[in-house]
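Structural overview
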Amino acid sequence: MSIVKINVLSVPAEQREVLERRFASRSGAVEGSDGFEWFELLRPVEGTDQYLVYTRWRSEEDFQNWMNGPMKSAHQGGGEGGERPKPAASGSTLWSFEVVQQASPK
């Protein structure tokens with residue numbers, strides 16, 4: 001079965017729009033990666049400043065290949081003047097899960 005990676009991003013209120021714009025502008029960046037199955041950016045509704053970046057992969061190897069290839073390259077790119085833009089998130093934690101059961105609409 002698949003694996004799920006959830007990147008938990010702490011995002012101050014004044015950076016929420018910036019984060020969402022950056023994710024919108026990267027649309028299509030992960031979708032062509034070998035083993036990629038699903039992506040969702042989850043905005044907190046109340047009680048937390050943590051966004052969840054949900055991705056599902058065919059295998060841990062596929063995820064690691066993406067992390068060490070396209071994702072790494074994308075995050076090393078420079079903005080204007082060769083400088084990287086300031087991160088929108090003030091912290092990040094990666095959670096990992098194996099899918100043991102799943103269901104879809106009938």
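Everything quoted here is computed from the prediction, not taken from an experiment. (Residues numbered from 1 in each chain as written. Predicted model: local features only at pLDDT ≥ 70, side-chain atom pairs only at ≥ 80, totals over all residues. Heavy atoms only, no water.)

Glancing now at the environment of F23. Here F23 shows up in helix α1 (residues 16-25). When the C-alpha positions of F23 and V53 are compared, they lie 9.8 Å apart, and in sequence the two are 30 residues distant. When residues no more than four places from it in sequence are discounted, the contact partners of F23 are L9, F39, L41 and V53. (Helix = DSSP H or I, 4+ residues; strand = E, 2+ residues; numbered from the N terminus. Contact = heavy atoms within 4.5 Å.)

Glancing now at the pattern of salt bridges. Inspection of the entire model under this criterion finds seven salt bridges. In this structure, D34 engages R58 in a salt bridge whose closest nitrogen and oxygen atoms are separated by 3.0 Å. Of this pair, D34 sits in the loop between α1 and β2 (36-42) while R58 sits in the loop between β3 (50-57) and α2 (60-76), and the two are 24 residues apart along the sequence. The network of salt bridges with shared partners includes D34, R58 and D62. (Salt bridge = Lys/Arg side-chain N within 4 Å of Asp/Glu carboxyl O.)

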